[in-house]
Amino acid sequence: MSSYKIAAIPGDGIGTEVIEAGIEVLGALAEADGGFKLEVEHFPWGADYYFEHGEMMPADGRDQLMGFDAIYFGSAGDPRIPDHITLWQLRLNICQGFDQYANVRPTRVLPGVKSPLEGVGPGDFDWVIVRENSEGEYAGVGGRAHQGMPEEVGMDVSVFTRTGVERIQRFALDLARSRPRKLLTFVTKSNAQRHGMVMWDAVFEEVRKDYPDITIDKMLVDAMTTRMVLNPASIDTVVATNLHADILSDLAAALSGSMGIAPTANLRPERDYPSMFEPIHGSAFDIMGKGIANPIGSFWTASMMLEHLGEPKAAARLMAAIERVTAAGEVMARDLGGTATTVEVTAAVIDAIRGANA
Ligand code: ATP
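Residues numbered from 1 in each chain as written. Predicted model: local features only at pLDDT ≥ 70, side-chain atom pairs only at ≥ 80, totals over all residues. Heavy atoms only, no water.

Peer 1: Would you mind going over the overall build of the protein chain with me for this structure?
Peer 2: When helices and strands are counted, the protein chain shows 11 helices and 12 strands. Computed over its C-alpha atoms, the radius of gyration of the protein chain comes to 20 Å, within 12% of the 21 Å expected for a compact globule of 358 residues. Dimensions of the protein chain, computed from the C-alpha atoms along their principal axes, are close to 60 × 50 × 40 Å. In the protein chain, which comprises 358 residues, the proportion classed as buried is 53%. In the protein chain, once contacts between residues fewer than 6 apart in sequence are set aside, the share between residues at least 24 apart is 76%. By element, 53% of the accessible surface of the protein chain is carried by carbon and sulfur atoms, the whole surface being about 15300 Å². (Helix = DSSP H or I, 4+ residues; strand = E, 2+ residues; numbered from the N terminus. Rg over C-alpha atoms; globule rule 2.2 N^0.38 Å. Buried < 20%, exposed > 50% of the residue type's maximum accessible area, 1.4 Å probe, protein only. Contact = heavy atoms within 4.5 Å. Areas by Shrake-Rupley, 256 points an atom, 1.4 Å probe, with all protein chains shown as cover.)

Peer 1: Help me understand the pattern of salt bridges in this model?
Peer 2: Here the idea is simple: oppositely charged side chains can pair when their charged atoms come close. Taken as a whole and judged by the stated rule, the model has 19 salt bridges. One salt bridge connects Asp201 with Lys218, and the closest N-O pair in it is separated by 3.3 Å. Placement of Asp201 in helix 6 (residues 196-207) and of Lys218 in strand 9 (residues 215-220) is noted, with a sequence separation of 17 residues between them. The partly exposed category is assigned to Lys218, whose relative accessible area is 45%. The network of salt bridges with common partners includes Asp99, Arg167, Arg268, Glu270 and Asp272. (Salt bridge = Lys/Arg side-chain N within 4 Å of Asp/Glu carboxyl O.)

Peer 1: Please clarify how the packing of helix 1 (residues 14-33) against helix 10 (residues 312-328) should be interpreted in this entry.
Peer 2: Two measures define how a pair of helices packs: the angle their axes make with one another and the distance between the axes. At a minimum axis separation of 11 Å, helix 1 and helix 10 run at an interaxial angle of 120 degrees. Put simply, helix 1 runs oblique to helix 10. Of the two possible hands of crossing, helix 1 and helix 10 adopt the one that is right-handed. Facing Val25, Leu29, Ala32 and Asp33 of helix 1, the residues of helix 10 in contact are Ala314, Arg317 and Leu318. Taken together, the residues of the contact of helix 1 with helix 10 break down into five nonpolar, no polar and two charged. (Axes fitted to C-alpha atoms, helices over the stretch in contact; angles between N-to-C directions. Parallel < 35°, antiparallel > 145°, perpendicular 65-115°, else oblique. Left-handed = near helix turned anticlockwise from the far one by under 90°. Nonpolar A, V, L, I, M, F, W, Y, C, P; charged D, E, K, R; others polar.)

Peer 1: In this structure, what is going on with the environment of Ser249? I would like to understand it.
Peer 2: Within the element layout of this structure, Ser249 appears in helix 8 (residues 242-255). Ser249 sits in the buried class, given a relative accessible area of 1%. Placed 69 residues apart in sequence, Ser249 and Leu318 show a C-alpha to C-alpha distance of 23 Å. Setting aside its immediate chain neighbours within four residues, Ser249 contacts Arg105, Ile129 and Ile280.

Peer 1: Can you walk me through the nonpolar core in this structure?
Peer 2: One broad trend across soluble globular proteins is that nonpolar side chains are buried collectively. Membership of the largest hydrophobic core comes to 88 residues, with the highest contact counts inside it found for Leu184, Met228, Leu318, Ile322 and Val349. Excluding residues that lie within four positions of it along the chain, Leu184 makes contacts with Ala172, Leu173, Ala176, Phe204, Ile214, Thr215, Ile216, Asp217, Thr237, Val238 and Val239. Counting 19 residues, the second-largest nonpolar core is a separate cluster that includes Ala7, Leu65, Phe68 and Leu90. (Core = buried A, V, L, I, M, F, W, Y, C linked by side-chain atoms within 4.5 Å.)

See the structure below:
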């Protein structure tokens, strides 16, 4: 029997609620499957840890995570701590420190879920957005000078390296190749950003030569938002820079029906460091502690994690269970128009997993 070591970092806000639910579901799935085992270790990092220790995670935190097969992450964020501290000291510290350069975000409308797009339902679109996750606009390069003075200046410098650009473009082209439509939309903004983005385009022109079997179209990021809303069926796999894909994937999550259901994977394809899996939503302090967070984003995330671990059957079984629950429509969380609590949605998905065994 295969056994996998999972590092759980529930983090802050509803992160703790949905990761707890996800671990319960994973436990039920492993039991029902019988072919694999998960050993989960918790790391209580995040805002509470920050108030106690002055940092979001310990200095040797990444060393502690090194031996794990995957990281299951909730969310980092607290209204009492500036966002750039919570983000950089925990999530980005792990993503960038482990060079998890491929951020992968699948989006589709699950059965029984209503998209805000008129007339668009399950099966009408099936996207995977690939976000460059290690550099670009979020490289952390820049500075501030003359702070508090009238001449104060703040600068963020986007960093595009040939290595960084080429590897994410190849990753996206390989992913497009593995999907039935073999279609990739290449997103850019080289009309206005005339250095890094022009290089981004130039590298792509070279790389695409190795993928003659992939249908490729190129879009400016602003036009891409319009296309996602007006012609969603025309899109399959998408590749974009760190900032552009960050924005596009939030739009994608909203178009799929709710922020509460969307998953994401921060992949280290070479597997020399662990990859990290997280729901796309943040801490959502407005609903924290009320027991009403939708855990489906965290379950879909768990399915992506199983896929990465080499358990595609269990991953598919979990997705099928989620879809059975949403399709039935009886146990829906509030963000999907229902009244079910986190615990109720979790129980329904576990029942669906067990039902599949019967
Ligand atoms: P952060 O600053 O950590 O990104 P946030 O609170 O600004 O967090 P999100 O958590 O991404 O933003 O979510 C925005 C809103 O969407 C929340 O305020 C919440 O009302 C709703 N939401 C997000 N996730 C869920 C969920 N899992 N279930 C129900 N509602 C959710």
